[in-house]
Amino acid sequence: MAVRMDKSWIPLDTENVAKLAAHLGVYQLANDEGEILYIGMAGGRTLFGLKGELKKALEEPPDGATQFRFEVNMSYRTRRRELLMAYVSDHGGLPAANTDVDESRLGRIRPG
């Protein structure tokens, strides 16, 4: 598995979110240009898994969020941290809407 998520973007709309299952995993929200605005997870305490988390994102999207992509992953906490660390390595800081994360508590990676 690549460190960065490289799946295709899916429009963030009711129809696409309704197609999702209640799996555990990680997701990214982005604007029209594909700039990542938020990296999140659907964990064991998440109601309806990825479907529930993306439904919440659809109801209250970060400014400019128009699309998403996701990975079903049982190691969702570790995978989210990995995606956040890769983003920080690439961009020098967290995505704009990830105000729920303390960057100083993240580790450091240098993906190739």
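In this report, the structure presented in the accompanying data block is examined. (Residues numbered from 1 in each chain as written. Predicted model: local features only at pLDDT ≥ 70, side-chain atom pairs only at ≥ 80, totals over all residues. Heavy atoms only, no water.)

## Some remarks on the packing of aromatic side chains
Thinking step 1. Tallied over the entire structure, the rule returns two aromatic pairs.
Thinking step 2. Here the aromatic rings of Tyr27 and Tyr38 are separated by 6.1 Å at their centres, their planes lie at 45°, and the arrangement is tilted. Placement of the pair is Tyr27 in strand β2 (residues 25-30) and Tyr38 in strand β3 (residues 36-42), with a sequence separation of 11 residues.
Thinking step 3. Summarising the aromatic geometry, the rings of Phe68 and Phe70 are spaced 6.3 Å apart at their centres and angled 25° between planes, so their arrangement reads as stacked.
Thinking step 4. Judged by relative accessible area, which is 0%, Phe68 ranks as buried. (Phe/Tyr/Trp six-rings, centres within 6.5 Å; stacked < 30°, edge-to-face > 60°. Helix = DSSP H or I, 4+ residues; strand = E, 2+ residues; numbered from the N terminus. Buried < 20%, exposed > 50% of the residue type's maximum accessible area, 1.4 Å probe, protein only.)

## Quick notes on helix α2 (residues 49-59)
Thinking step 1. Here α2 has its buried residues at Gly49, Leu50, Gly52, Glu53, Leu54 and Ala57.
Thinking step 2. Close packing links the buried residues of α2 with α1 (14-18), β2, β3 and β4 (67-72). (Contact = heavy atoms within 4.5 Å.)

## Quick word on the pairing of β4
Thinking step 1. Sheet topology note: the strand β1 (residues 10-11)/β4 ladder contains two bridges and is antiparallel. Following the sheet pairing, Ile10 is matched in β4 by Phe68.
Thinking step 2. Note: β2 against β4, six bridges, orientation antiparallel. Considered in β4, the bridge of Ala30 is made with Gln67. (Pairing = 2+ DSSP bridges.)

## Describing unusual backbone geometry
Thinking step 1. Even without glycine at this site, Phe48 takes up a positive phi of about 70°.
Thinking step 2. Along the chain, Phe48 turns up in the loop between β3 and α2.
Thinking step 3. Of the residues examined, Phe48 reaches a relative accessible area of 56% and is grouped as exposed.

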